[in-house]
Amino acid sequence: MSAVSPLKQTDGAIFDLIEKETEYQKKTLRLIASENYASKAVMEATGSILTNKYAEGYPKKRYYAGNKYVDEIELLAIERAKKLFGVGHANVQPHSGASANIAAFFAFLDVGNKFMGLDLPHGGHLTHGSPVNFSGKWFKPVSYSVEKDTEALDYDKIRKRAIEEKPKLIICGYTAYSLIIDFKAFRGICDEVGATMMCDISHFAGLIAGGVYPSPAPYADIITSTTHKTLRGPRGAMIMCPEANAQRIDKAIFPGMQGGPLENVIAAKAVCYHEAMQPDFKTYAAQIVKNAKVLAEELSSKGLRLVAGKTETHLILLDLTAKGITGRDAQAALEEAGIIANRNTVPFDTRSPFVTSGLRLGTPALTTRGMKEGEMKHIADLIVKVIENPNDSALKLKVRGEAEGLCERFPIYKE
Ligand SMILES: *Cc1c(COP(=O)(O)O)cnc(C)c1O
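Residues numbered from 1 in each chain as written. Predicted model: local features only at pLDDT ≥ 70, side-chain atom pairs only at ≥ 80, totals over all residues. Heavy atoms only, no water.

1. What to know about the sheet that holds strand S15 (residues 358-362)
Here comes step 1: An order of S11-S12-S15-S14 is seen for the 4 strands of this open sheet, with the pairing classed as antiparallel. Looking at strand neighbours, the two that pair on one side only are strand S11 (305-306) and strand S14 (342-344), the edges of this open sheet.
Here comes step 2: For S14 and S15, the ladder comprises 3 bridges, and the chain directions are antiparallel. Across the sheet, residue Arg-343 finds its bridge partner in S15, namely Leu-359.
Here comes step 3: Helix H13 (residues 327-336) rests against S14 and S15 of the sheet, and its axis sits at about 45 degrees to S15. (Pairing = 2+ DSSP bridges. Helix = DSSP H or I, 4+ residues; strand = E, 2+ residues; numbered from the N terminus. Contact = heavy atoms within 4.5 Å. Axes fitted to C-alpha atoms, helices over the stretch in contact; angles between N-to-C directions.)

Shown next, in the form of structure tokens:
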């Protein structure tokens, strides 16, 4: 920030904390699979004057006056989203992934209806049926799981479970599943039991946009996604669907559950869709997956166990049970060493979600910094050292120095 920062003049406390957070982001290796670094262009739009405007409703059908430019912005965002993902309709107003999912449920279910999602300890999201979430409180979740031996989905078993349970809606798309999902198989199952097919692509939307992950667009009745994960846009979300479902979706967002849209964030989403249409985004998406594969292979060759045996995406789930360390302790030791990752349950975990036996790693953020296969090998080495010696303070200090060195060579923003 410049010396004449209005924020610094108005609120020194928040200014200082943002400065500290900036340094912290710059100097640490971020392997949180759901995080990324938005471009300066995306942040400029997010921080723009559009935050001042009320625009309840949709373009050309607003409840407030004065929306001629805001309408153009939202229409551009919608057009780009449709083109990027090859869908008939896009709603770019959801404030977050969770609120997009609430709207999806309200569009296709009545309170109390049964739906099916992946069991949370197996990689499903909170909004896919957790008892402490709206999805588990207001609706009736039944779950499917991964197989004990392969730790992969078995589509025949999911089909049998769907025939038994007859859910009105089935969700696919997860937060901690490292393999590619067979969307066509889900379409078949949904057709057989008369269920709505909902696909939550929050984690891998950027991989779809970059052409390195199959698209559910030809199959799904409804697609929800965040915009800030692999897609690398502003913090927010979107819903896509075939044209036939457009009205139900739009009504569920507004007036169903949101008021005024965040037009500054919608402008930033438009910027992110534009960025994702450029040729270098394809290179980026491909590199995310290459990096994840190399990181996974290196960790595995050094004796760490990969859940499902491999990754086909941006994320890696490690089962640390054999290493005698919990996910919680591994996360804490790595954090001290300047490596930021998150603990995660593994399928059939015997520990609580607060402790866990697993660690989830992802490569979207490191790849945005420009890191490639060589750096992944180096980072795998650092991770293994820390996990094998979580109480060695001298080692953690040394690793932190190496992490900072890598960060210096690959700055987040190249001014
Ligand atoms: C991240 C995520 C969400 C929630 O997104 P928020 O913006 O954090 O509310 C929903 N579903 C899946 C699969 C996710 O990975």
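Past the structure itself, the notes keep going.
2. Concerning the packing of helix H5 (residues 97-108) against helix H10 (residues 246-253)
Packed helix pairs are specified by the crossing angle of their axes together with the interaxial distance, meaning the distance between the axes.
Here comes step 1: Remark: H5 packs on H10, axes separated minimally by 8 Å, with the N-to-C direction vectors making an angle of 125 degrees. What the angle tells us is that H5 and H10 run oblique. Relative to H10, H5 is oriented so that their crossing is right-handed. Contact residues: H5 offers Ser-99, Ala-103, Phe-106, Ala-107 and Phe-108, while H10 offers Arg-248, Ile-249, Ala-252 and Ile-253.
Here comes step 2: Residues belonging to the contact of H5 with H10 are distributed by class as follows: 7 nonpolar, 1 polar and 1 charged. (Parallel < 35°, antiparallel > 145°, perpendicular 65-115°, else oblique. Left-handed = near helix turned anticlockwise from the far one by under 90°. Nonpolar A, V, L, I, M, F, W, Y, C, P; charged D, E, K, R; others polar.)

3. Topic: the site of the ligand
Here comes step 1: By nearness alone, 13 residues border the ligand, and Gly-97, Ala-98, Asp-200, His-203 and Lys-229 come closest of all.
Here comes step 2: Between Ala-98 and the ligand, the recorded distance is 2.8 Å, taken from a backbone N or O atom to an oxygen atom.
Here comes step 3: In this structure, an oxygen atom belonging to the ligand sits 2.7 Å away from a side-chain N or O atom of Lys-229.
Here comes step 4: Of the residues forming the shell around the ligand, the biggest block, 3 residues, is contributed by H5.
Here comes step 5: Partitioning the shell around the ligand into residue classes produces 2 nonpolar, 9 polar and 2 charged. (Near = heavy atom within 4 Å. Polar contact = N/O pair within 3.5 Å; in protein donor to acceptor, adjacent residues only side chain to side chain.)

4. Topic: the domain arrangement of the protein
Here comes step 1: The domain architecture assigned to the protein consists of domain 1 (44-276) and domain 2 (280-409).
Here comes step 2: Of note, the centres of domain 1 and domain 2, computed from C-alpha atoms alone, are 28 Å apart.
Here comes step 3: In this assembly, 26 residues from domain 1 lie in contact with 26 residues from domain 2.
Here comes step 4: Between domain 1 and domain 2 the total buried area reaches about 2200 Å² when both faces are included, carbon and sulfur atoms providing 62% of it.
Here comes step 5: Area buried by domain 1 at its contact with domain 2 is led by Glu-151, Ser-178 and Arg-232, which between them contribute 28% of it.
Here comes step 6: Put simply, domain 1 and domain 2 have 1 salt bridge between them. (Domains from an automatic or database assignment. Buried area = accessible area lost by both parts, 1.4 Å probe. Salt bridge = Lys/Arg side-chain N within 4 Å of Asp/Glu carboxyl O.)

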